[in-house]
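Spelled out from the first residue to the last, the chains are:
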Amino acid sequence: MALSSSCSTLKAVNSRWTSPRPSPVPKLPTIRRHYLLPELRYTPNVKLTATNALRTVEQTTLTEENNLSTYGSDQEDLASFPKPRILVAEKLGEAGVNLLREFGDVDCSYELSPEDLKKKVAESDALIVRSGTKVTREVFEAAKGRLKVVGRAGVGIDNVDLQAATEHGCLVVNAPTANTVAAAEHGIALLASMARNVAQADASIKAGKWERSKYVGVSLVGKTLAIMGFGKVGTEVARRAKGLGMNVISHDPYAPADRARALGVELVSFDQAISTADFISLHMPLTPATKKVFNDDTFSKMKKGVRLINVARGGVIDEDALVRALDSGVVAQAALDVFCQEPPSKDSKLIQHENVTVTPHLGASTKEAQEGVAIEIAEAVAGALKGELSATAVNAPMVAPEVLSELAPYIVLAEKLGRLAVQLASGGKGVQSIKVVYRSARDRDDLDTRLLRAMITKGIIEPISDSYVNLVNADFIAKQKGLRISEERTVVESSPEYPVDSIQVQISNVESSFAGAVSDAGAISIEGKVKYGVPHLICVGSFGVDVSLEGNLILCRQVDQPGMIGQVGNILGEQNVNVSFMSVGRTVVRKQAIMAIGVDEEPDKKTLERIGGVSAIEEFVFLKL
């Protein structure tokens, strides 16, 4: 099958389809209660690391007949080893604690000071926390290599230093599913109580007042609810809101359109969602891309009198901007369960605002959810201590030094291509179909693309998601997000000394925020390679470029004429924005060209508007790397 590209003409071979599978270990069959990694079951002198786990799985060959039965039963194996010590640092449901006690020695010590925590982890093989305990680099250093797994009883892991955990060979797992319904129910409870002024009326009548006319509410039937983030919780909120007679729309770049349609939900752009909604319910993760995404500019685009619910993460809202929006009447009411600082200060203007209903982070606080989270995290921690690989692992596994050394620059390239590609996609339809083309002089068996594919998946998903993608869970998470990733390898005449000549990422069936990135085949297409050990972008759509993928990137599609580089360079220079690289690619002289500019700093909005105002520039886009 010939590959069509204006940047490269190559012979395609070894084309294959890779469909993400829910199993975190793609090549192994499902094995009931047998250890995938038997030699890593707990012993006092064996350190459980993602390195050993990965290497052992890859060296193990299993068939339906060969299921490791020579190692005996679980009970027989466990009986021959001392029990691991598990520190539970915050209250955990009794069912989860009992499950842990069947497997190890459990120490339930709550409200530990940072110093006491560091003393405890030095004697522990596993640590379980909720959101209140900070597991910092100092904690991992105090463990001196003994701590093998940290379990976060819940979804968010803002309180765990993932980089430090990985450096110290400690696996981090969470419990992302058990509190879904509880969080959705709390969102609906806040929505309804806010609409009918329940909290304010309750406080009024308890103060001896009777103010029926003051607390006239609004009906939910026929109103438009915008759900920002159509994941597990957002989906459940949509189900319940439809039952209340609401019109539901949603913005989520990864939500499968067919799943939304099945629930009667229309996927729309971010601006369309916030500008047309009567109620807005937030269910997005806190990432660099979503931090304070609801700010003065965002509120200015909303319908006057909109009502806001947040049971996701406090940091996605600029709280000072929300107070201003409430005072001006742009936001009529807000119902909040999460805050930038928890607990918030007593004199917070937002907390004390008469049109704000607040609860102390109760989204997951039902008896059923607490027990479910306890069981989910207990099973994940026990499994990790046995050496089993978990789909809820959230930190990247370490690989063999020689493999990492060879692939290191290509790993960086793969992730950055993913990040660029997803930023070039736009519209409400969402990313679903991705094709990755590897150009290499090596034979198929000499190039394992799993890690590269995982890093592309990581680059595409992580910027706007709370999922942490690694080699273990990449295919699983991609399937959850509705992504279909196909891979193709093409042979090129280059040195087999290098594992990959170039990598091309294509996203099909989506609109693009930069029309120049769309290839002749109609897909968003970017291609990169490693030059002198540094990742470079070499192709955007049908235009060849050559720019180092460092810092940030500005792409301009322009009329090919003299003076363009100077004009844009002067605008950036006047604002003290340093240009690291600049490259121009064109298809026909004096027709169209693409200028790719690498910049060290992020230009402000006015600077970007000045660039867009240059008469010969037809479109531009700023991309964060």
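In this report, the structure presented in the accompanying data block is examined. (Residues numbered from 1 in each chain as written. Predicted model: local features only at pLDDT ≥ 70, side-chain atom pairs only at ≥ 80, totals over all residues. Heavy atoms only, no water.)

1. Looking at the packing of helix α7 (residues 180-195) against helix α9 (residues 232-243)
Relative to each other, α7 and α9 sit at 50°, their axes nearing to 8 Å. Judged by the inter-axis angle, α7 sits oblique to α9. Read as a crossing pair, α7 and α9 show a hand that is right-handed. Contacts between α7 and α9 involve T180, V181, A183, A184, E185 and I188 from the first element and K232, V233, E236, V237, R240 and A241 from the second. Classifying every residue of the contact of α7 with α9 gives seven nonpolar, one polar and four charged. (Axes fitted to C-alpha atoms, helices over the stretch in contact; angles between N-to-C directions. Helix = DSSP H or I, 4+ residues; strand = E, 2+ residues; numbered from the N terminus. Parallel < 35°, antiparallel > 145°, perpendicular 65-115°, else oblique. Left-handed = near helix turned anticlockwise from the far one by under 90°. Contact = heavy atoms within 4.5 Å. Nonpolar A, V, L, I, M, F, W, Y, C, P; charged D, E, K, R; others polar.)

2. Some words on the packing of aromatic side chains
Aromatic ring pairs are reported here in terms of the distance separating the ring centres and the angle at which the planes meet. The final tally for this structure, using the stated rule, is one aromatic pair. Considering the side-chain rings of F270 and F294, the 5.8 Å spacing of their centres and the 45° angle between planes classify their relative orientation as tilted. Note that F270 is positioned in helix α11 (residues 270-276) and F294 in the loop between β10 (279-282) and α12 (296-300), a separation of 24 residues in sequence. Considered together, F270 and F294 belong to a single accessibility category, that of buried residues. (Phe/Tyr/Trp six-rings, centres within 6.5 Å; stacked < 30°, edge-to-face > 60°. Buried < 20%, exposed > 50% of the residue type's maximum accessible area, 1.4 Å probe, protein only.)

3. Concerning the environment of L407
On the secondary structure map, L407 appears in helix α16 (residues 401-424). The exposure class assigned to L407 is buried, which follows from its relative accessible area of 8%. Between the C-alpha atom of L407 and that of V500, which follows or precedes it by 93 residues, the distance is 8.8 Å. Sequence-distant contacts of L407, that is, excluding residues within four places in its chain, are made with L451 and P499.

4. Observations concerning α7
Taking 1.5 Å of rise per residue, 16 residues should cover 22 Å, and α7 covers 23 Å from first to last C-alpha, within 8% of that figure. Most of α7 is tucked away, with twelve of its 16 residues classed as buried. Burial in α7 covers these residues: T180, A182, A183, A184, H186, G187, I188, L190, L191, S193, M194 and A195. (Expected span 1.5 Å × (residues − 1).)

5. As for the side chain of K435
In this structure, K435 sits in strand β15 (residues 433-440). A polar contact is formed between the side chain of K435 and the side chain of E488, at a distance of 3.5 Å. (Polar contact = N/O pair within 3.5 Å; in protein donor to acceptor, adjacent residues only side chain to side chain.)

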